[in-house]
Amino acid sequence: QVQLVESGGDLVQPGGSLRLSCAASGFIFSEYALSWFRQASGTQRELVAIITETGAGTHYADSVKGRFTISRDNAKNTVYLQMDSLKSEDTATYYCNVLITTGEETKQFWGQGTQVTVSS
């Protein structure tokens, strides 16, 4: 079955950096785009970044553009989110996401999330 396991969340001071990882299994990793979302307390889950199957294409939310970098290693079935110049408003639970289409059915899969807290 599809599994996404995030790691790397931590408490960090404003201006600091973190790298999140998402290890995937149960599907052909190199054939799917992967995404990072985040959800702060009391808010809706929002898209942070997307990366295409080969990693050649990426897209970022305006709020993180220039500070966050999404990347992937298809040999390791892992997608990363490098977060630099962190701000308090980046505090949230971060989730890895993949959409998988089988026949006429498309399912969305999520990891369990990893907590990022930016605070002095």
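Above this text sits the structure in question.
Residues numbered from 1 in each chain as written. Predicted model: local features only at pLDDT ≥ 70, side-chain atom pairs only at ≥ 80, totals over all residues. Heavy atoms only, no water.

Visitor: Go over the sheet that holds strand β3 (residues 18–25), please, and point to the residues and values.
Guide: Taken together, four strands build an open sheet; the order of strands is β1-β3-β8-β7 and the sheet is antiparallel. Since the sheet does not close on itself, it has two edges, and those belong to β1 (3–7) and β7 (68–73), each with one partner. Within this sheet the neighbouring strands show an average axis-to-axis angle of 15°, counted without direction. The sheet contact formed by β1 and β3 spans five bridges and is antiparallel. Note that in β3 the partner of S7 across the bridge is S21. (Pairing = 2+ DSSP bridges. Helix = DSSP H or I, 4+ residues; strand = E, 2+ residues; numbered from the N terminus. Axes fitted to C-alpha atoms, helices over the stretch in contact; angles between N-to-C directions.)

Visitor: I'd like a description of unusual backbone geometry, backed by residues and values.
Guide: Phi at N77 is positive, roughly 55°, even though this residue is not glycine. Tracing the backbone shows N77 in the loop between β7 and β8 (78–83).

Visitor: Tell me about the nonpolar core, residues and numbers included.
Guide: Ranked by size, the top nonpolar core spans 30 residues in total, and within it W36, V79, L81, M83 and Y94 carry the most contacts. For this core, the secondary-structure elements that each account for two or more residues are β3, β4 (34–39), β5 (46–51), β7, β8, β9 (92–102) and β11 (114–118). A total of five residues in this core trace back to one element, the largest contributor, which is β9. Dropping the residues within four chain positions of it, Y94 is found in contact with E6, L20, W36, F37, R38, V48, F68, L81, M83, G113, T114 and V116. (Core = buried A, V, L, I, M, F, W, Y, C linked by side-chain atoms within 4.5 Å. Buried < 20%, exposed > 50% of the residue type's maximum accessible area, 1.4 Å probe, protein only. Contact = heavy atoms within 4.5 Å.)

Visitor: Tell me what's going on with the pattern of salt bridges, and back it up with residues and numbers.
Guide: Tallying each qualifying case throughout the model produces four salt bridges. Close ionic contact of E46 with R38 constitutes a salt bridge, the shortest N to O distance being 2.7 Å. For R38, a relative accessible area of 5% translates into the label buried. Through salt bridges with shared partners, a single network forms among R38, E46, R67 and D90. (Salt bridge = Lys/Arg side-chain N within 4 Å of Asp/Glu carboxyl O.)

The analysis is restricted to geometry; functional conclusions fall outside its scope.
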